[in-house]
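Listed below are the residues making up each chain.
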Amino acid sequence: MSSKIEINYIKQYRLCDKDHFAVVKGISILAALAAYIFGTYWDIPHMYHIRRIAAVVFALCSGYGLSESFRRKGGLIHYWENRMLKTWLPSLVVMVAFSLFLQGSPFAWVTQSPLGLKGSFVQVIFGAYIAFWVVFQFVEKTSSRMVGLFAIAGIAFCVISEDMGMKVILPAFPLGVLFSQLGLKYKVREFAWKGKVVLMLICSAAGIGSWLLASRIAMPYVSTALWSICYAAVAAVLIFGTYYAQRLPIFGVFVPFGMASYALYLLYDYVFYLIVRQTSWRMIGIAFAALCVAAAILTVLRELLVAWNQKLRRKKSPHLKGALWH
């Protein structure tokens, strides 16, 4: 396997394929970073909504991707190995490195996140990984699997504290799985222009309607559920909108950011904390440039590690999973 990571300018993609999700994730992570910058350094209110919408996009993509991988492989082969390499290990490496650099101890991160999962988003997503594995490992019927996933999300929604902002992403993961399991992408691809308009109007109406209700209802759980619907609807508008509007030759710009989106998430707060000592566009620009470089390096290292492990699999050698656990 070649260890090169090539980035071509993407001009065309199919709904929910790898390139499409790279575009969607790129837009989402840049929007989330902009919301962080304006909310943190200029104290502009309500920026957290944008960050939560981005989190919902990633949860939808993650649920869909896991389901498609299950369908393609016909099972859960290498499931936890991939989750550990692609999600857990980069998080742990970043937390250990910055704990050592900022606090002088490689173990300072333990008090922040004993499991090595950085931030509430990764913690919730890893919980979703566990739920997916349990349901798809022990339940046979597709309908029962979906009921199980949504039931687990519902229980978690009721149990997790209302103070946890990432609670709103809980329904998004099983929604992504559902979209894959029902093969809805094939139906959406076949829509004529009228169907496309109707779909976008429905998603937009759901987002606006739930936003208006959530803004006026202060009841715990009810308002959070409405915000969940709002964010999911906006995420759907972004996903379907970038697919329908792909003839515009602008979306390829976001692909590199989408490919490095997880690394950008892991690194952004550390990098801005270290560099931005005063609120100025110059310092923020320097921090953003440094963040992009660091994220690119981390992403390349992760992809090389994954490629190396896949190479060992093909050689039928004891692969990295054995090295990790023994």
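Residues numbered from 1 in each chain as written. Predicted model: local features only at pLDDT ≥ 70, side-chain atom pairs only at ≥ 80, totals over all residues. Heavy atoms only, no water.

(A) Spatial organisation of the packing of helix α1 (residues 18-41) against helix α2 (residues 48-73). It is the contact of α1 with α2, at a shortest axis distance of 8 Å, that shows an interaxial angle of 155 degrees. For the element pair α1 / α2, the angle class is roughly antiparallel. Considering the relative orientation of α1 and α2, their crossing is left-handed. Touching F21, V24, K25, S28, I29, A31, A32, A35 and Y36 of α1 are I50, R51, A54, V57, F58, C61 and Y64, all from α2. For the contact of α1 with α2, the residue count by class is 13 nonpolar, one polar and two charged. (Axes fitted to C-alpha atoms, helices over the stretch in contact; angles between N-to-C directions. Helix = DSSP H or I, 4+ residues; strand = E, 2+ residues; numbered from the N terminus. Parallel < 35°, antiparallel > 145°, perpendicular 65-115°, else oblique. Left-handed = near helix turned anticlockwise from the far one by under 90°. Contact = heavy atoms within 4.5 Å. Nonpolar A, V, L, I, M, F, W, Y, C, P; charged D, E, K, R; others polar.)

(B) Quick peek at the nonpolar core. Within the largest apolar cluster, 82 residues are counted, with the highest numbers of intra-cluster contacts made by F121, F132, I169, F240 and F272. Per-element tally for this core: the top contributor is helix α4 (residues 119-138), with 11 residues. With sequence-adjacent residues up to four places away left out, F272 is seen in contact with Y36, I37, Y41, I284, A287, F288 and L291. By size, the runner-up hydrophobic cluster in this structure holds seven residues, among which are I10, Y13, V23 and I27. (Core = buried A, V, L, I, M, F, W, Y, C linked by side-chain atoms within 4.5 Å. Buried < 20%, exposed > 50% of the residue type's maximum accessible area, 1.4 Å probe, protein only.)

(C) Region of interest: the pattern of salt bridges. All told, the structure shown has four salt bridges when counted by the stated rule. Taking the shortest distance from any N to any O, the salt bridge between R71 and E68 comes out at 3.4 Å. On the criterion of helical spacing, the pair formed by R71 and E68 is a turn pair, its members being three residues apart in helix α2. Residue R71 is classed as partly exposed on the basis of its relative accessible area, which comes to 41%. A salt bridge links E68 to K185, with the shortest nitrogen-to-oxygen separation between them at 3.3 Å. Taken together, the positions of E68 in helix α2 and K185 in helix α7 (residues 184-189) put the pair 117 residues apart, joining distant regions of the chain. Accessibility classification places E68 together with K185 in one group, the buried group. Through salt bridges with shared partners, a single network forms among E68, R71 and K185. (Salt bridge = Lys/Arg side-chain N within 4 Å of Asp/Glu carboxyl O.)

(D) Structural view of a positive patch on the surface. Residues K18, R72, K73 and K86 make up a contiguous surface patch of positive charge. By the element assignment, K73 lies in helix α2. Note on K73: relative accessible area 36%, which makes it partly exposed. (Patch = residues over 30% accessible without salt bridge, like charges linked within 9 Å, V, L, I, M, F, W, Y side chains within 5 Å. Areas by Shrake-Rupley, 256 points an atom, 1.4 Å probe, with all protein chains shown as cover. Lys, Arg positive; Asp, Glu negative; His and termini not counted. Charge placed at Lys NZ, Arg CZ, Asp CG, Glu CD.)

(E) Focus on the side chain of T299. Position of T299 among the secondary structure elements: in helix α12 (residues 281-314). Other than its neighbours up to four places away in sequence, T299 contacts M259, A260 and A263.

(F) The arrangement of the environment of C16 in detail. By secondary structure assignment, the location of C16 is in the segment before α1. Overall, the relative accessible area of 10% leaves C16 in the buried class. With 223 residues separating them in the primary sequence, C16 and I239 have C-alpha atoms 8.0 Å apart.

(G) Molecular detail of the confidence of the model for the chain. With 94% of its residues at a pLDDT of 70 or more, the chain has an overall mean of 91. At the low end of the mean pLDDT range in the chain sits helix α13 (residues 320-325), at 44; at the high end sits helix α6 (residues 172-181), at 97. Ignoring residues within four places in sequence, the model shows residues 321-326, a span with pLDDT below 50, making three contacts including any to other chains. (pLDDT = per-residue confidence, 0-100.)

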